[in-house]
Amino acid sequence: MTTPSFPMTDETDAAVQGLQRRSLLQLLTAGGAALAAPGLWSGLALAQVQTPVAGGTLTIGADADPIGLDPVTVNAFSSYDFTSLLYSGLLRWNAEMKIEPDLATGYEQPDPKTYVFKLRQGVKFHNGKDFSAADVKNTFDRIMNPATGSRLRPLYSSIESVTVVDPFTVKFQLNATDAAFLSNLASNPNGAIVPVGVENLATQPIGTGPFAFEAYQPNQQFSLTRFDGYYEKGEPYLAKVIFKFYKDQATLTSALRSRAIDMTWVKDPKVATAISRASRNFVSAPGQTSRTFPIWLNMKAKPLNDVKVRRALSLATDRKACLDTVLGGSGKIGAMIPESQVGGYDGVSELPYYKHDPAAAKALLAEAGYPGGIDLGDYIIVAANPLDVACAQILQQQWQAAGITVKLVPMETAPLLAKWASGDWPTLLSVALSWTPDPDGVFQYITSTSGYGKGMGSNDPELDKMILEARAELDISKRAAKNQAIQKRIAENAYVIQIYQYPLRWEIWWNYVQGYVPLAANIRSFVRTTWLKK
């Protein structure tokens, strides 16, 4: 039986669909107004559809440099903006966060564990090479090769084989049903395709995306140029995109006000609200509540291999105080996955060991053999994120009241991520998670089979089984129940101390920037449809 998710199309049909999509985007963003997400944006009223003007340079203020540009090996969210413009995937998210074709024109599903993709013809890589099914197979062979060390390998562990049927047909055979499979394929960099036989993509990226790499000066700027061979005719409209790097929100927002940059995003919701009200010519888009702030525990040795110590740490944590003080209430106390995802919680009062109870924490420590309290040593945090640092400082005080001592160690992002991936950190470490296309992407960080899980000493076969079963469940309501059960088990054993969830970024741009659509994924893939009306 064949079950197409979207119809197979020939190149003519694909071109027509592209024109229809672009017309919709122009309508949704005419005059800078954004109506794709009613009620979320402040900006201008609906205006008549306007014809995009080609050319010009869009300058974006960025708060972090990329850390690698090879989508197969990249670990840092700061790289995603760049990979989303340099690379394409088989599928992608549209303006309404629904999956649509990209390098694939469609797929057939002969059975629940088989996907056969028909590929778009005439697509070029930035080096002039023709795109084909061999590039798709090469990409996923790299991901699945343990020697590559890709963080994507656990996400695609359901892939049994990738077969080239012909130059423009590729078959994915899964070993189990996978509710997250298509969502991962549609997400950048998770599903980005890289060319066969090209090395050094981390510093010399080559993709099929709308923009090609031009130059990068660390801590200064990153330049992209329009790729004339991009398959969507007429796009991108911009001749060049420049990212300028600013290390603090004050200089970033000052650059926006002075029009040294055309658009940016900020992390602090309180700052974002103030900036968006500074000019009637700003368009602002609050992000979806998708960022979670967890504390990762190294459970490979004492004292955190003792569940009583971990539970004491959770009970010593006043999550609401952190939320109110750091974010001004712009977020929610969080479980492992945001409430917007399948199985997300709307309130977490029923989760075990979430109640703030310093007395109970002290009692558990005494039972674990630490009646006089305990020193957990270094708590490593991202130095470049002031919200994370502020939360860690509050946690340090809360834990001290329960007899738990930590030393805060702010660290630069790249070495911190390297320590997290390898498990080379003493006891506590915080790396906030950005948006993921599916809850399974979050759970993979704590399975005993993933690199991150091994690094933190995860060893719970029952939890591993629960996560696999949830991923294989295609019924949404049943899967939601399974995901909530997973989060309760995580909280019960205090494998991770989750604090809160809130919008990852709040985007702001001048109203002469037209055709841009912000995504819940917090990547700027719709720069490809952006144009300037100056």
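Everything discussed here concerns the structure shown above.
These figures come from a predicted structure and were not determined experimentally.

Caption draft 1: Spotlight on the packing of aromatic side chains. According to the stated counting rule, one finds 30 aromatic pairs in the structure shown. Arranged with centres 5.2 Å apart and planes meeting at 40 degrees, the rings of W296 and W420 form a pair that is tilted. One end of the pair, W296, is in strand β13 (residues 289-297); the other, W420, is in helix α11 (residues 413-422), and 124 residues separate them in sequence. The exposure class of W420 is buried, given its relative accessible area of 5%. Geometrically, the ring pair formed by W509 and Y516 is edge-to-face, given 5.1 Å between the ring centres and 80 degrees between the ring planes. Look at Y516 and you get buried, because its relative accessible area is 2%. Here a set of aromatic residues connected by ring pairs shows up, and it is made of Y107, Y115, F117, F140, Y156, F172 and F181. Positioned over the ring face of Y354 is R319, at 3.9 Å from the centre of the ring. Directly above the aromatic system of W265 lies the positively charged group of R524, at a separation of 3.8 Å from the ring centroid.

Caption draft 2: Fine view of helix α7 (residues 307-315). Most of α7 is tucked away, with 7 of its 9 residues classed as buried. Three or more residues of α7 are buried, namely V309, R310, R311, A312, L313, S314 and L315. Where α7 begins, the side chain of D306 points an oxygen toward the backbone nitrogen of K308, at a separation of 2.9 Å.

Caption draft 3: Up close: the environment of I206. In this fold, I206 is placed in the loop between α4 (181-186) and β8 (211-217). Exposure remark for I206: the relative accessible area of 18% places this residue in the buried category. In the structure, I206 is positioned 148 residues away from Y354 in sequence and 46 Å away in space, judged by C-alpha atoms. Once residues within four sequence positions are removed from consideration, I206 is found in contact with Y87, F125, H126, N127, P195, V198 and L201.

Caption draft 4: How the structure looks around the side chain of R471. When you line up the elements, R471 lands in helix α14 (residues 461-472). Owing to a relative accessible area of 3%, R471 belongs among the buried residues under this scheme. With residues up to four places along the chain from it excluded, the contact list for R471 reads P154, L155, S157, S158, T177, D178, A179, D440, Q444 and R479.

Caption draft 5: Structural view of the nonpolar core. One finds F117, F140, F172, F181 and F243 to be the most contacted residues of the largest nonpolar core, which totals 86 residues. Not counting residues within four places of it along the chain, the set of residues in contact with F117 comprises L90, L91, A104, G106, Y107, F168, T169, V170, F172, F181, L182 and L185. One finds V409, V431, V442 and I490 within the second-largest nonpolar core, a separate group that totals 69 residues.

Caption draft 6: Region of interest: the pairing of strand β9 (residues 221-226). As paired elements, β8 and β9 share 6 bridges and run antiparallel to each other. The residue of β9 that forms the bridge with F213 is L224. Connecting β8 to the antiparallel partner β9 that follows it, the hairpin turn spans 3 residues, and N219 within it adopts a positive phi of roughly 65 degrees. Both β9 and strand β10 (residues 240-245) contribute to a ladder of 5 bridges, which runs antiparallel. By the bridge assignment for β10, S223 is matched with I242.

Caption draft 7: Broad picture of unusual backbone geometry. A cis amide bond, omega 15 degrees, links N188 with the succeeding residue P189. On the secondary structure map, P189 appears in the loop between α4 and β8. Put simply, K302 and P303 share a cis peptide bond, and its omega is 0 degrees. Position of P303 among the secondary structure elements: in the loop between β13 and α7. Positive phi, normally seen in glycine, also occurs at R259, with a value near 65 degrees. Its location among the elements puts R259 in the loop between α5 (249-257) and β11 (263-266). For R259, a relative accessible area of 44% puts it in the partly exposed group.

Caption draft 8: A look at empty space enclosed by the protein. As enumerated under the stated definition, the model contains 7 cavities of 30 Å³ or more in all. Estimated volume of the largest cavity: approximately 80 Å³. Surrounding the largest cavity, A62, D63, A64, F77, S78, D81, F82, F243, W265, R505 and R524 form its lining. Per-class residue counts for the lining of the largest cavity are 6 nonpolar, 1 polar and 4 charged.

Caption draft 9: Main features of the side chain of D178. With respect to the helices, strands and loops of the structure, D178 is situated in the loop between β7 (169-174) and α4. No salt bridge is formed by the buried D178; its nearest oppositely charged neighbour, R471, is found at 4.1 Å. Side-chain polar atoms of D178 contact the side chain of S158, separated by 2.6 Å. Here F181 takes part through its backbone nitrogen, which lies 3.3 Å from a polar atom of the side chain of D178. Excluding its chain neighbours within four sequence positions, the residues that come into contact with D178 are Y115, L155, S158, R471 and L474.

Caption draft 10: Up close: the sheet that holds strand β6 (residues 159-166). Spatially, β4-β5-β7-β6 is the arrangement adopted by the 4 strands of the open sheet, whose pairing is antiparallel. The outermost strands of the open sheet, each flanked by one partner alone, are β4 (104-111) and β6. Averaged over all pairs of adjacent strands, the angle between strand axes in this sheet comes to 20 degrees, irrespective of strand direction. In terms of strand pairing, β6 meets β7 through 6 bridges, oriented antiparallel.

Caption draft 11: Region of the structure containing the packing of helix α8 (residues 319-327) against helix α10 (residues 386-401). Orientation of α8 relative to α10, taken along the N-to-C sense of each, is 140 degrees, at an axis distance of 10 Å. Between α8 and α10, the angle falls in the class oblique. The handedness of the crossing between α8 and α10 is right-handed. Seen from α8, the contacting residues are A321, C322, T325, V326 and L327; seen from α10, they are L387, A390, C391, I394, L395 and Q398. A per-class count over the contact of α8 with α10 returns 9 nonpolar, 2 polar and no charged.

Conventions used here
Residues numbered from 1 in each chain as written. Predicted model: local features only at pLDDT ≥ 70, side-chain atom pairs only at ≥ 80, totals over all residues. Heavy atoms only, no water. Phe/Tyr/Trp six-rings, centres within 6.5 Å; stacked < 30°, edge-to-face > 60°. Helix = DSSP H or I, 4+ residues; strand = E, 2+ residues; numbered from the N terminus. Buried < 20%, exposed > 50% of the residue type's maximum accessible area, 1.4 Å probe, protein only. Lys NZ or Arg CZ within 6 Å of the ring centre and 35° of its normal. Polar contact = N/O pair within 3.5 Å; in protein donor to acceptor, adjacent residues only side chain to side chain. Contact = heavy atoms within 4.5 Å. Core = buried A, V, L, I, M, F, W, Y, C linked by side-chain atoms within 4.5 Å. Pairing = 2+ DSSP bridges. 1 Å grid on protein atoms, 1.4 Å probe; cavity = no way out; pocket = protein on both sides within 12 Å on 5 of 7 lines; lining within 4 Å. Points joined across faces, edges and corners; volume = space filled by probe spheres on them. Nonpolar A, V, L, I, M, F, W, Y, C, P; charged D, E, K, R; others polar. Lys, Arg positive; Asp, Glu negative; His and termini not counted. Salt bridge = Lys/Arg side-chain N within 4 Å of Asp/Glu carboxyl O. Axes fitted to C-alpha atoms, helices over the stretch in contact; angles between N-to-C directions. Parallel < 35°, antiparallel > 145°, perpendicular 65-115°, else oblique. Left-handed = near helix turned anticlockwise from the far one by under 90°.

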